[in-house]
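So you can see what is in the structure, the chains are spelled out below.
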Amino acid sequence: SLTANVVTKGDTAHVNFEVKNYTLGNQTADASTKRCANSAKGQHIHYIIDNGAYEALYLPSNKSVLKPGQHLLVAFLSRSYHESIKHPKAAIVQQINVGENNDAPINLKQSILTFSRPKGVYIGADTAHVMLDFYLFNTTLSKKGNKVRLSIDGKVIGYLDAWKPYWMDGLSMGEHTVRLELVDAKGNLIKGLYTDVTKKI
């Protein structure tokens, strides 16, 4: 399980995590069978502010310098090969306030889509089998319900109807864009936080 205590001083948010029944820094038992990018530093926390690229935390604390206003912290436990652990107790979503603001609180009960993998640069053997992974809050996926629409380089590849990691094989060398959209059964974008996000790798 994962819980967090956030203390803000000036423009810096200090976050201390408590991790139970999971060991940061260990290699996940089945890592050698996955044929994908794996962290030599082991299991970690994916730490994400405002749906940016995650920071991998191998120790249960971190600090972020943030602009004044409201920010969204999402964090979840990750296997050494960067697959998120999809369990309610393995993740947190929390508002962080920096400075004074009178805005209404972020509605943390709306649908939230957090892009996790792929990330960054893939080289050598890691290019052959690239993990696509994301985190969902306050929604479910099903064949007759909500789905995640996946587009690569501007082309719709398909609709993902199960919350699990997917694999992108055979990507050509060079830069690619990966877009995820949380849509309803009719293909309409669902209102929420970060329900339409594009990342470059």
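First, a word on scope: everything that follows refers to the structure included in this document. (Residues numbered from 1 in each chain as written. Predicted model: local features only at pLDDT ≥ 70, side-chain atom pairs only at ≥ 80, totals over all residues. Heavy atoms only, no water.)

## A closer look at the overall build of the chain
Turning to step 1, where the next piece is worked out: Regarding its fold elements, the chain presents zero helices and 15 strands.
Turning to step 2, where the next piece is worked out: In summary, the chain has a C-alpha radius of gyration of 17 Å against a globular reference of 17 Å for 201 residues, a match within 12%.
Turning to step 3, where the next piece is worked out: Considering only C-alpha atoms, the chain reaches an extent of 45 × 40 × 30 Å along its principal axes.
Turning to step 4, where the next piece is worked out: Across the 201 residues of the chain, 46% fall into the buried class.
Turning to step 5, where the next piece is worked out: For the chain, contacts bridging at least 24 residues in sequence account for 63% of all contacts bridging at least 6. (Helix = DSSP H or I, 4+ residues; strand = E, 2+ residues; numbered from the N terminus. Rg over C-alpha atoms; globule rule 2.2 N^0.38 Å. Buried < 20%, exposed > 50% of the residue type's maximum accessible area, 1.4 Å probe, protein only. Contact = heavy atoms within 4.5 Å.)

## Observations concerning empty space enclosed by the protein
Turning to step 1, where the next piece is worked out: Summed over the entire model, instances satisfying the criterion amount to one cavity of 30 Å³ or more.
Turning to step 2, where the next piece is worked out: Put simply, the largest cavity is a space of about 30 Å³.
Turning to step 3, where the next piece is worked out: Surrounding the largest cavity, Cys36, Ala37, Tyr81, Arg117, Tyr122, Asp126, His129, Val130 and Met131 form its lining.
Turning to step 4, where the next piece is worked out: Split into classes, the residues belonging to the lining of the largest cavity amount to six nonpolar, one polar and two charged. (1 Å grid on protein atoms, 1.4 Å probe; cavity = no way out; pocket = protein on both sides within 12 Å on 5 of 7 lines; lining within 4 Å. Points joined across faces, edges and corners; volume = space filled by probe spheres on them. Nonpolar A, V, L, I, M, F, W, Y, C, P; charged D, E, K, R; others polar.)

## Remarks on the sheet that holds strand 15 (residues 196-200)
Turning to step 1, where the next piece is worked out: Taken in spatial order, the four strands make up an open sheet running 11-10-13-15, and their pairing is antiparallel. Every other strand in the sheet has two partners, leaving strand 11 (155-160) and strand 15 as the edge strands with one partner each. Going from strand to strand, the sheet's axes swing by 20° on average, the running direction of each strand aside. (Pairing = 2+ DSSP bridges. Axes fitted to C-alpha atoms, helices over the stretch in contact; angles between N-to-C directions.)

## Things to note about the layout of surface pockets
Turning to step 1, where the next piece is worked out: Here the largest pocket is characterised by a volume of approximately 170 Å³.
Turning to step 2, where the next piece is worked out: Along the walls of the largest pocket sit Gly120, Val121, Tyr122, Thr127, Val130, Leu171, Ser172, Met173, Gly174, Glu175, His176 and Ile201, which together make up its complete lining.
Turning to step 3, where the next piece is worked out: Looking at the lining of the largest pocket, its residues break down into six nonpolar, five polar and one charged.

## Observations regarding the pattern of salt bridges
Turning to step 1, where the next piece is worked out: This model, assessed by the stated rule, comprises seven salt bridges.
Turning to step 2, where the next piece is worked out: The closest approach of N and O atoms between Lys200 and Glu175, which form a salt bridge, is 3.9 Å. On the criterion of sequence distance, the pair formed by Lys200 in strand 15 and Glu175 in the loop between strand 12 (166-169) and strand 13 (177-183) is long-range, its members being 25 residues apart. Take Lys200 and Glu175: they sit in the same class, and that class is exposed.
Turning to step 3, where the next piece is worked out: Asp196 is the partner of Arg179 in a salt bridge, and the nearest nitrogen-oxygen pair spans 2.7 Å. One end of the pair, Arg179, is in strand 13; the other, Asp196, is in strand 15, with 17 residues separating them in the sequence. (Salt bridge = Lys/Arg side-chain N within 4 Å of Asp/Glu carboxyl O.)

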